[in-house]
2 protein chains.
Amino acid sequence: MYNQKSYELGSKRSVIREIFEYAKTRAAEVGAENVFDFSIGNPSVPAPQEVQQALVKELTETPSVALHGYTSAQGDANVRKTISNNLKTRFNADIPADFLYMTCGAAASLTITLKALYEEGDEVIVFAPFFTEYRVFVEGTGAKLVVVGADEKTLLPDFNALEKALTPRVKAVIINSPNNPSGVVYREETVVRLCELLKKKSAEYGRAIYLISDEPYRELVYDKTVRVPFITNYYENAIVCYSYSKSLSLPGERIGYIAVSPKAAQAREVYLSVCGAGRTLGYVCAPALFQRVVAACDGLTADLSIYKKNRELLYNGLTECGFTCVYPDGAFYLFMKTPVADAYEFCEKAKAHDLLLVPSDDFGVKGFVRIAYCVQTETIERALPKFSLLAKEYGLK
Amino acid sequence: MYNQKSYELGSKRSVIREIFEYAKTRAAEVGAENVFDFSIGNPSVPAPQEVQQALVKELTETPSVALHGYTSAQGDANVRKTISNNLKTRFNADIPADFLYMTCGAAASLTITLKALYEEGDEVIVFAPFFTEYRVFVEGTGAKLVVVGADEKTLLPDFNALEKALTPRVKAVIINSPNNPSGVVYREETVVRLCELLKKKSAEYGRAIYLISDEPYRELVYDKTVRVPFITNYYENAIVCYSYSKSLSLPGERIGYIAVSPKAAQAREVYLSVCGAGRTLGYVCAPALFQRVVAACDGLTADLSIYKKNRELLYNGLTECGFTCVYPDGAFYLFMKTPVADAYEFCEKAKAHDLLLVPSDDFGVKGFVRIAYCVQTETIERALPKFSLLAKEYGLK
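Below, the structure is looked at part by part. Since we're looking at a predicted model, the values are computed, not measured. Every chain begins its residue count from 1, and numbering advances along the sequence as written. The lettering of chains begins at A and the numbering of ligands begins at 1, in the order of writing. It should be noted that, the model being predicted, local features are given only for residues of pLDDT at least 70 and side-chain atom pairs only at 80 or more, the latter also being counted only at that level, while totals for whole chains, interfaces and linings use all residues.

## Quick word on the pairing of strand β3 (residues 123–127) of chain B
All names here are of chain B.
Thinking step 1. Across the five residues of β3, four count as buried, placing the element largely inside the fold.
Thinking step 2. Where β3 meets strand β4 (residues 144–148), five bridges bridge the pair, whose relative direction is parallel. Paired with Val124 across the two strands is Leu145, which belongs to β4.
Thinking step 3. The handedness of the β3 to β4 crossover, carried by helix α7 (residues 133–141), is right-handed.
Thinking step 4. With four bridges joining them, β3 and strand β5 (residues 170–175) adopt parallel strand pairing. Each residue is classed by its C-beta neighbour count within 10 Å, where at least 20 other C-beta atoms makes it buried, 12 or fewer makes it exposed, and intermediate counts make it partly exposed; the C-beta atoms are placed from backbone geometry. By the criteria applied, helices consist of DSSP H or I runs no shorter than four residues and strands consist of E runs no shorter than two, each listed in order from the N terminus. At least two DSSP bridges between two strands are needed for those strands to be called paired. When the strands point away from the viewer and the connection leading from the first strand across the helix to the second strand turns clockwise, the crossover is called right-handed.

Here you go:
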């Protein structure tokens, strides 16, 4: 009567969604201010004022039919030209406008890219800890998801495990730096090492292995010393999947892009395949008004100083309590080791203090929790005494 | 290296897109005012002023984080409640808010619905003439597209052919009224006859046959006597795929919904399968700002009197030239019989007069052209003498 897999994906709530619903129920009981919901990656900082200005300008100056009409399927030509120029200026990256494809956000960027590349028997590698929806997107195309583990201390890829996993069936490797759920950023040395290995294996198999860089958190880094390498400058068979959801605090507006490296193997064919995949999935064009808005605001960010302040406060507070945390260079997530092996058990104990955390199991690793610090700073300040009580229950400090 | 099917769909331009590109080239040669492009279904009438008012109101009154944040995957609860109430008021239809799923427009509504229903071996029936992308969407899920012909005079379904095509493998039937490309509206008697047949066959096979009603042109009818029946009032296993692209002249903004009849077989499971299918295809939520805007403007339309005037002018002008046209009750397309069997040949002759028309072959019928009259009225006025010359070449009148 209906598609069993779609039904399962629609009826089985994600752990994060379960917590989100619990938070609403609990808030009704004890008041929203007494529930410390660290589960959701929804930006807590308003869009930069330039977004509002660009919206008002377009609504005032551009006639309705032109403003709200279809753009070409790849996206408005001027929008793509602007972004192409900015990629050159910002990252010295050469991505011509006709290798850019505007999308309805990061999820669409990924599903379209994966469908564009998929051939029967393909495998796609992701690195734990990984964004849970990668499994849905990869398996949705028909490909097999292969999870490669991380060094438990740095949460960087386990290169020995990667080398073993890189069989001739691997079509693509997905990276996500700054990382959801860990906040870890791949520095240049990691990127270089990864690319060298992929080049070696591509040559060995006589077949391109595509590197898909999922970058919704690209701009969310908090120290001048931390640079996020632009992947097409390091590897030819690269495809960048970008979203403005976090950088411009526009997650509900669904706007991003795919950038295919023009130096990729059969780059033109891959780009056209992206266009065809978008068509098949029902993406006629990315939202027209927001295409213009993000072009006007490309490279800007919401006020990141708030996230930075939150990160310091949370990281310092938790380590003072005796918890072990991976220092997050970017994104707005902190990955904390649980003092017991079972992260679910720990989350239940935290819940008794109305601290709502996400166990790491669905991200592909055990024994951690994800704490999203895209919240009001005051929420963290008021939560820390509760974390302290929780730490004492486990005999920390 | 890449997905062959996606590549083909991305690299093979549609006939309409070919004409669109030709129109641009030709305009550069002879001036845009001398090219009569009737190929594209892009609304030529501005969005109603209420859309602009709602946009400004939301941007002024709703804080950025709430306005541009993620909504639930099904869509904002208040938005769905408003639409649900309106469906009751406007059509006496009972579609609870939790059977509505907000989408990125009609194409997304269809791809999500088809993926939600698909099981191996399924067939999906469409009626010629049909919107060309149906083939892409249906085959994209893995199902087989079965085309049922039309009565050549009325362009209504051939019910004998339909009865033969309704095998136990048929999962769904797609209807599209008012129709693209013909402008034909299924009156109540046609809908009743169709539903009776589907009920009979469902009972015979002991298996629900879903009726998918693709309704981007629902409100675009021009006579008080023409009513578009609301399908869930006639058939229980019904799913409405709606878009605001044409009614509110917002095609670039990608906003619409899926309404699952709560009386459908396993309605709850089908709805959850819709949610899962949306998730798999990468639709996180429909654009947040425009969800609120369409809720505020649901049931309104752009100024339809312009399309009505265009229809009269074009229909009367063409029949006066001696052409045979199907009178279009709705949408903004007119289907005209070609005076020769080969519609491509006729379109080439028309092109010599800079009249750009779409041959009907890709819509699944031969010997017609589609003329989109969502253009400036003056364009039609100035084109008619050219149609007259064309008619004379074929010895009409």
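## Focus on the relation of the copies chain A and chain B
The operation linking the two copies of the chain is a rotation about an axis combined with a translation along the axis.
Thinking step 1. Superposition of the copies was done by least squares, using only C-alpha atoms of residues whose pLDDT is at least 70 in both. Aligned on chain B, chain A shows an RMSD of 0.0 Å; the corresponding rotation is 180° and the shift along the axis is 0.0 Å. Overall, the copies show the geometry of a two-fold rotation axis. Rotation axis and chain A: the residue whose C-alpha lies nearest the axis is Leu281(A), separated from it by 3.2 Å.
Thinking step 2. C-beta atoms are first placed from the backbone for all residues, and any pair lying within 7 Å is then listed as a contact. Taken as a fraction of all interface residues of chain A, those also at the interface in chain B reach 100%, which identifies the copy contact as same-surface.

## Topic: unusual backbone geometry
Residues and elements named next belong to chain A.
Thinking step 1. In this structure, the amide linkage connecting Ala128 to the following residue, Pro129, adopts the cis form with an omega of -5°.
Thinking step 2. By secondary structure assignment, the location of Pro129 is in the loop between β3 (123–127) and α7 (133–141).
Thinking step 3. You will see that Leu155, though not glycine, has its phi angle at about 60°, which is positive.
Thinking step 4. Residue position: Leu155 is located in the loop between β4 (144–148) and α8 (159–165).
Thinking step 5. According to the C-beta neighbour criterion, Leu155 is buried, with 21 such atoms within 10 Å.
Thinking step 6. Located in the positive-phi region is Ser249, a residue other than glycine, with phi close to 55°.
Thinking step 7. Along the chain, Ser249 turns up in the loop between β7 (238–243) and β8 (256–260).
Thinking step 8. Residue class for Ser249 comes out buried when judged on the 25 C-beta atoms lying within 10 Å of it.

## Points about the interface of chain A and chain B
Thinking step 1. Every contact between the two is made by 65 residues of chain A and, on the other side, 65 residues of chain B.
Thinking step 2. Mapped onto the side of chain A that touches chain B, the elements with two or more residues apiece are α1 (4–11), α3 (49–61), α4 (64–68), α6 (105–117), α7, α10 (267–281) and α11 (288–297) of chain A.
Thinking step 3. Here the side of chain A that touches chain B takes eleven residues from α10(A), the largest share from any one element.
Thinking step 4. Of the residues that constitute the side of chain A that touches chain B, the class distribution is 37 nonpolar, 21 polar and seven charged. Residues are grouped as follows: nonpolar covers Ala, Val, Leu, Ile, Met, Phe, Trp, Tyr, Cys and Pro; charged covers Asp, Glu, Lys and Arg; every other residue, Gly included, is treated as polar.

## Thoughts on the nonpolar core
Thinking step 1. In terms of nonpolar packing, the biggest core is built from 273 residues, with Val274(A), Ile371(A), Tyr373(A), Val274(B), Ile371(B) and Tyr373(B) touching the most fellow members.
Thinking step 2. For Val274(B), the residues in contact, after removing those within four places along its chain, are Gly10(A), Tyr101(B), Ile112(B), Thr113(B), Ala116(B), Ile258(B) and Val260(B). We define the nonpolar core as any set of buried residues of the types Ala, Val, Leu, Ile, Met, Phe, Trp, Tyr and Cys, connected via C-beta atoms lying within 7 Å of each other.

## A closer look at the sheet that holds strand β13 (residues 368–372) of chain B
Residue and element names in this part refer to chain B.
Thinking step 1. Spatially, β9-β10-β13-β12 is the arrangement adopted by the four strands of the open sheet, whose pairing is antiparallel. Among the strands making up the open sheet, the edge pair consists of β9 (325–326) and β12 (358–359).
Thinking step 2. Inspection of the sheet shows β12 paired to β13 by two bridges, in the antiparallel sense. Paired with Val358 across the strands is Arg370, a residue of β13.
Thinking step 3. Across the sheet, helix α13 (residues 343–351) touches β12 and β13, and the angle it forms with β13 is around 45°. Only C-alpha atoms enter the line fits that serve as axes; for helices the fit covers just the stretch in contact. Angles between N-to-C directions range over 0 to 180 degrees.

## Looking at the pairing of strand β8 (residues 256–260) of chain B
Residues and elements named next belong to chain B.
Thinking step 1. For β8, a buried count of five out of five residues is recorded, marking the element as mostly surrounded by other parts of the structure.
Thinking step 2. Of the two faces of β8, both are covered, the one formed by Gly256, Ile258 and Val260 as well as the one formed by Tyr257 and Ala259.
Thinking step 3. Taken together, the five bridges between strand β7 (residues 238–243) and β8 define a ladder with antiparallel strand orientation. Counterpart to Cys241 in the pairing with β8 is Ile258.

## Comments concerning the sheet that holds β8(A)
Residue and element names in this part refer to chain A.
Thinking step 1. In space, the seven strands of this open sheet follow the order β2-β8-β7-β6-β5-β3-β4, with mixed pairing throughout. Of all the strands in the sheet, just β2 (100–103) and β4 have a single pairing partner and so form its edges. Across the sheet, the mean angle from the axis of one strand to that of its neighbour is 20°, orientation sign disregarded.
Thinking step 2. Strands in contact with helix α5 (residues 77–91) are β2 and β8; relative to β2, the strand with the most contacts, it is inclined by about 115°.

## Quick look at α7(B)
Residue and element names in this part refer to chain B.
Thinking step 1. Burial analysis of α7 places seven of its nine residues in the buried class, the great majority of the element.
Thinking step 2. Considered for burial, the residues of α7 that qualify are Glu133, Tyr134, Val136, Phe137, Val138, Gly140 and Thr141.
Thinking step 3. Immediately beyond the C-terminal end of α7, within one or two residues, lies Gly142, with a positive phi of roughly 110°.

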